[in-house]
Amino acid sequence: MTTSGPSDPSERGAERQNWVERRREKIRAEIDRNRRGEYTVPTWVLALALVLIVGGWLALIFLA
């Protein structure tokens, strides 16, 4: 049988460490962007807000 991952446990630990460092760097970069005012609302949040508003109006019309 062949495995696709590293066979040496120390390589696996290094790979995990690299993943953690990349994740931390992405989080730091996002925080820096937000502090500079480059924050944008995700599209799914805007879509959810629109659905709730339209649903509320429809409920008000049909249930009133």
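Residues numbered from 1 in each chain as written. Predicted model: local features only at pLDDT ≥ 70, side-chain atom pairs only at ≥ 80, totals over all residues. Heavy atoms only, no water.

### Topic: the overall build of the chain
Secondary structure summary: the chain contains 2 helices and 0 strands in total. The proportion of buried residues among the 64 residues of the chain is 2%. Accessible area of the chain: about 6,300 Å², with a carbon and sulfur share of 62%. (Helix = DSSP H or I, 4+ residues; strand = E, 2+ residues; numbered from the N terminus. Buried < 20%, exposed > 50% of the residue type's maximum accessible area, 1.4 Å probe, protein only. Areas by Shrake-Rupley, 256 points an atom, 1.4 Å probe, with all protein chains shown as cover.)

### Considering the pattern of salt bridges
With the rule as written, the count across this model stands at 2 salt bridges. Among the salt bridges present, the one from Glu 21 reaches Arg 24, with a minimum N-O distance of 3.6 Å. Of the two residues, Glu 21 and Arg 24 are both situated in helix α1 (residues 9–35); the distance of 3 residues between them amounts to about one turn of the helix. Since its relative accessible area comes to 43%, Arg 24 is described here as partly exposed. Between Arg 28 and Glu 25 there is a salt bridge; the shortest N-O distance is 3.8 Å. Residue Arg 28 and its partner Glu 25 are both found in helix α1; the two are separated by 3 residues, about one turn of the helix. Residue class for Arg 28 comes out partly exposed when judged on its relative accessible area of 44%. Given a relative accessible area of 45%, Glu 25 falls into the partly exposed group. (Salt bridge = Lys/Arg side-chain N within 4 Å of Asp/Glu carboxyl O.)

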